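# Observations on chain architecture
Next come the chains, spelled out residue by residue.
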Amino acid sequence: MPITIKYFGAIAEATGITEEKVDLGDVDSIEQLKSICLAKYEAIGDLSFQLAVNQSLSSKDALKDGDEVAFLPPFAGG
Amino acid sequence: MPITIKYFGAIAEATGITEEKVDLGDVDSIEQLKSICLAKYEAIGDLSFQLAVNQSLSSKDALKDGDEVAFLPPFAGG
Amino acid sequence: MSEKKPKKVFMRGAIPPDKIAKSIANHQSKTNIGAHSIFLGQIRADKVDGKVVQGIEYSAYEEMAETVFHEIRESAFEQFDMTCCHIYHSLGTVKTGELCLFVFTSSAHRKVAIEACNFLVEEIKARVPVFGKELFEDETHQWKVNQ
Amino acid sequence: MSEKKPKKVFMRGAIPPDKIAKSIANHQSKTNIGAHSIFLGQIRADKVDGKVVQGIEYSAYEEMAETVFHEIRESAFEQFDMTCCHIYHSLGTVKTGELCLFVFTSSAHRKVAIEACNFLVEEIKARVPVFGKELFEDETHQWKVNQ
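The residue numbering used here restarts from 1 in each chain and proceeds along that chain's sequence as written. Throughout, the order in which chains and ligands are written sets their labels, letters from A for the former and numbers from 1 for the latter. Given that this is a predicted model, residues contribute local features only at a pLDDT of at least 70 and side-chain atom pairs are listed and counted only at 80 or more, while totals for whole chains, interfaces and linings are drawn from all residues. Side-chain descriptors were evaluated using all non-hydrogen atoms of the structure, hydrogens and water having been removed beforehand.

## Digging into the interface of chain B and chain C
- We call two residues contacting when some pair of their heavy atoms lies within 4.5 Å. Facing the 18 residues of chain B at the interface are 23 residues of chain C.
- With both chains or domains summed, chain B and chain C bury close to 1700 Å², and 60% of this area falls on carbon and sulfur atoms.
- Sorting the residues of chain B by area buried against chain C places Gln55(B), Phe75(B) and Gly78(B) first, and these three jointly supply 39% of that buried surface.
- One side-chain nitrogen of Lys or Arg within 4 Å of one carboxyl oxygen of Asp or Glu is enough to make a salt bridge. If you look at where chain B meets chain C, you find 1 salt bridge.
- The partner of Lys6(B) in a salt bridge is Glu63(C), with the nearest N and O atoms 3.3 Å apart.
- Nitrogen and oxygen atoms within 3.5 Å of one another constitute a polar contact, given that in protein one can donate a hydrogen and the other can accept it, and given that sequence-neighbouring residues count only through two side-chain atoms. Between the two partners, chain B and chain C, sit 11 residue pairs in polar contact (both at pLDDT 80 or more). Put simply, buried area is the surface a 1.4 Å probe can reach on two separate parts but cannot reach once they are joined, added for both.

Have a look at this one:
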C-alpha cells in the first residue's frame, strides 16, 4: 500500500528528510506505521509529536492507499 | 462665596452657556447650588447629569471659595 | 514601566491609520515585547428615526478628562505587567468610518496585553467626561450615551 | 459575512506595520463597523542559557494550516456577529522586534470584536500546524513550543 509520509520541524530535523513515499505492503494501521518509523528514525523516539492523516488529526487507526501521514511536533504559531 | 460653574454637552446646550462665575452669598452646599441652577435653567431639569467638584465626582456636599463645579451629562467617549 | 509620565490623549479630528502604523513601528526596538493588543473605535452610520449619523462632534471636560485618563493608565500599570500603554481620543468632528479612539497595550505575553487593553477600553467608556453629538445630514443632532 | 471565502493567511517574512495601517484604512468605508480589535505577535529576544534569540524561522504544514485557519474563521463567524475578520501569519525568518501574527476583527460593537479576536488568537496558537525554530546568535537553535 503506497502512502506519503511528511516530517516537520524538530521531527524533520531528526529524520533528515521532509517527505518520503513508502509502500507499506500489508501494513494498514497508523500504529504499525508509527512503529516502523520509530525503528527507522530512532531520534524521533525522544520527541513529542502527533500524527495527521490527510491533513486531519483524526483518531482513526486505519490507513488506505494514497494516504498522506504527517508527523507534527508541538505547534508554535503566533 | 465665588465659584465657577461649567456646563458640558447636552447641558451646555440647554443652559446656552458653557461657563459662568457666580457669587453664591451664604449658599455653601452642592445641593443648594443644584437647586439654584435648576431654577435658573429649567431645561436641564429634564436631562440626566452628575456633578464634579474640582474635577472629581466626589460625593461630599460642602462648597468652598473658588471651587469649580461641572454639570456633566452622560459620558460618550470611545 | 518607563512610560508612566502623563501624556496627552486628546487630538483634534479623526485618528489616521498611519498613526497606528507609526505607534507599532516605534515598538519594534523593544524586544521584550511579545504581544500587542489594539482597540479602535470607529464612527458608525447609525440610523435614528430614518436619519443617518454623518459623524460625531466630540467635546470634553478636558482638564478632568486628562486627569482621569492618567489615573486609568496608572491603574492599568498597577494591575497588569505591561511594557507600554498608549491612548488617543479625538476631539471635534469625526466622520462616519473614521477612528475616534485608539488604545494600544504591549506586554511580554498575550493574556496581559489583551486583558489590559480590555480594562482600559471599559474604564475609558465609563469614567472619562467626553461628550458626543451625533450629527445627522439634515443638520439636526442627538447626544450620544455610552451603554 | 461577505468575506467568508478562503483567504491566504501565510506571507513570507515579517508583517510590516504599514500592512496594518492599510487593513485599517480599507475598513473606513464600512460604516456599520463600530469597533476593531487587533492582536499582534512580536518576536521576543528571550534569553536561554545565556544565549539571546535573534529571530524565529517559521515553517508549516501549509495545506493543513490554511485549512485549519479557514475552519477557525468559519467557526468565529458562526459564534460572533463580526463584520470582517483577517488573519496573517509569517513564514520564513522573522527577526526579534518584528511581527509574525496579525489578527484583525471588526464588528458593530466592541465586545463582539474583542471576544472574536481573543477566540481566534487562542485557536491559532492551539490548532494550526506552524513550527518555530528560535535562532541564537551563535547559529545554534531550539524549537519553540506554544504554552
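## Remarks on the side chain of Asn146(C)
- Secondary structure follows DSSP: runs of H or I at least 4 residues long count as helices, runs of E at least 2 residues long count as strands, and numbering of each begins at the N terminus. Relative to the helices and strands, Asn146(C) resides in the segment after strand 8 (141-143).
- A distance of 3.2 Å separates polar atoms of two side chains, one belonging to Asn146(C) and the other to Lys144(C).
- Setting aside residues up to four positions removed in sequence, Asn146(C) forms contacts with Phe75(B), Ala76(B), Gly77(B) and Lys125(C).

## Let's talk about the sheet that holds strand 1 (residues 2-7) of chain A
All names here are of chain A.
- Sheet architecture is open: 4 strands sit in the order 2-1-4-3, paired in mixed fashion. At either end of the open sheet lies a strand with only one pairing partner, and these are strand 2 (19-23) and strand 3 (50-53). Here the strands of the sheet are splayed against their neighbours by 25° on average, with no regard to which way each runs.
- A pair of strands is considered paired only if DSSP assigns at least 2 bridges between the two. Strand direction decides the pairing type here: strand 1 and strand 4 (residues 68-72), joined by 4 bridges, are parallel. Residue pairing across strands places isoleucine 5 opposite valine 69, the latter belonging to strand 4.
- Sitting on the sheet, helix 2 (residues 30-40) touches strand 1, strand 2, strand 3 and strand 4, and the angle it makes with strand 1 is about 55°. In this analysis, axes come from line fits to C-alpha atoms, helices being fitted only over the stretch in contact, and the angle between any two N-to-C directions falls in the range 0 to 180 degrees.

## Re the relation of the copies chain D and chain C
- Superposing copies: least-squares fit, C-alpha atoms only, residues required to have pLDDT of at least 70 in both. Once chain D is rotated about the relating axis by 180° and shifted along it by 0.0 Å, it coincides with chain C to within an RMSD of 0.0 Å. Those values place the two copies in the arrangement expected of a two-fold rotation axis.
- Taken as a fraction of all interface residues of chain D, those also at the interface in chain C reach 100%, which identifies the copy contact as same-surface.

## Here's the deal with the arrangement of the chains
- Looking at the 3 pairs of chains with contacts, the pair that accumulates the most is chains C and D.
- Looking at chain A next to chain B, you find no contact at all, with the nearest C-alpha pair sitting 29 Å apart.
- You won't find any contact between chain A and chain C; their C-alpha atoms come no closer than 9 Å.

## Some thoughts on helix 2 (residues 30-40) of chain B
All names here are of chain B.
- Exposure categories follow from relative accessible area, calculated using a 1.4 Å probe and restricted to protein chains: below 20% of the type maximum is buried, above 50% is exposed, and the middle band is partly exposed. Every buried residue of helix 2 is accounted for by Ile30, Leu33 and Cys37. The arc that holds the buried residues of helix 2, viewed along the axis, is 60°, so those residues lie on one side.
- Buried positions along helix 2 lie against strand 1 (2-7), strand 3 (50-53) and strand 4 (68-72). It is the directions from the helix axis to the C-beta atoms whose arc is reported.

## Regarding the sheet that holds strand 4 of chain B
All names here are of chain B.
- Strand order across the open sheet formed by 4 strands is 2-1-4-3, with mixed pairing between neighbours. Each having just a single partner strand, strand 2 (19-23) and strand 3 make up the two edges of the open sheet. Across the sheet, the mean angle from the axis of one strand to that of its neighbour is 25°, orientation sign disregarded.
- Judged from the 4 bridges that link them, strand 3 and strand 4 form a sheet pairing that is antiparallel. Pairing of valine 53 across the sheet is with valine 69, part of strand 4.
- Sitting on the sheet, helix 2 is in contact with strand 1, strand 2, strand 3 and strand 4, with an inclination near 55° to strand 1.

## Here we look at the interface of chain D and chain C
- Contact with chain D, which involves 38 residues of that partner, is made by 38 residues of chain C.
- Overall, the association of chain D and chain C removes approximately 3200 Å² of surface from exposure, summing both partners, and the carbon and sulfur fraction of that is 51%.
- The largest share of the area that chain D buries against chain C comes from Gln42(D), Arg44(D) and Arg110(D), three residues that together contribute 21% of it.
- At the junction of chain D and chain C, the tally comes to 4 salt bridges.
- In this structure, Glu122(C) and Arg110(D) form a salt bridge, with 2.9 Å as the shortest nitrogen-oxygen distance.
- One can count 19 residue pairs in polar contact (both at pLDDT 80 or more) joining chain D with chain C.
- At the level of elements, helix 1 (17-25), strand 2 (35-42) and helix 3 (110-127) of chain D are the ones that each hand at least two residues to the side of chain D that touches chain C.
- At 8 residues, the largest contribution of residues to the side of chain D that touches chain C is made by strand 2 of chain D.

## Digging into the environment of Val94(C)
All names here are of chain C.
- Within the element layout of this structure, valine 94 appears in strand 5 (residues 82-95).
- With relative accessibility at 0%, the residue valine 94 sits in the buried group.
- Sequence separation between valine 94 and glycine 55 is 39 residues, and the spatial gap between their C-alpha atoms is 5.4 Å.
- Contact partners of valine 94, with chain neighbours within four places excluded, come to Gly13, Ala14, Ile43, Gly55, Ile56, Tyr58, Leu99 and Cys100.

## Structural notes on the environment of Asn26(C)
- Inspection of the secondary structure puts Asn26(C) in the loop between helix 1 (17-25) and strand 2 (35-42).
- Once the C-alpha coordinates of Asn26(C) and Val121(C) are considered, the two residues, 95 residues apart in sequence, prove to be 22 Å apart.

## Considering the pairing of strand 5 of chain C
Residue and element names in this part refer to chain C.
- Counting buried positions along strand 5 yields 12 of 14 residues, so the element is predominantly enclosed.
- Here strand 1 (residues 10-12) runs beside strand 5; their pairing, made up of 3 bridges, is parallel. Across the sheet, phenylalanine 10 pairs through a bridge with histidine 89, a residue of strand 5.
- Here strand 4 (residues 51-60) runs beside strand 5; their pairing, made up of 4 bridges, is antiparallel. Counterpart to glutamate 57 in the pairing with strand 5 is threonine 93.
- Note that strand 5 and strand 6 (residues 99-107) share 7 bridges and pair antiparallel. Across the sheet, isoleucine 87 pairs through a bridge with valine 103, a residue of strand 6.
- Counting the residues in the hairpin turn of strand 5 and strand 6 gives 3 residues, including glycine 97, whose phi is positive at 90°.

Shape is all these values report; function is a separate question.
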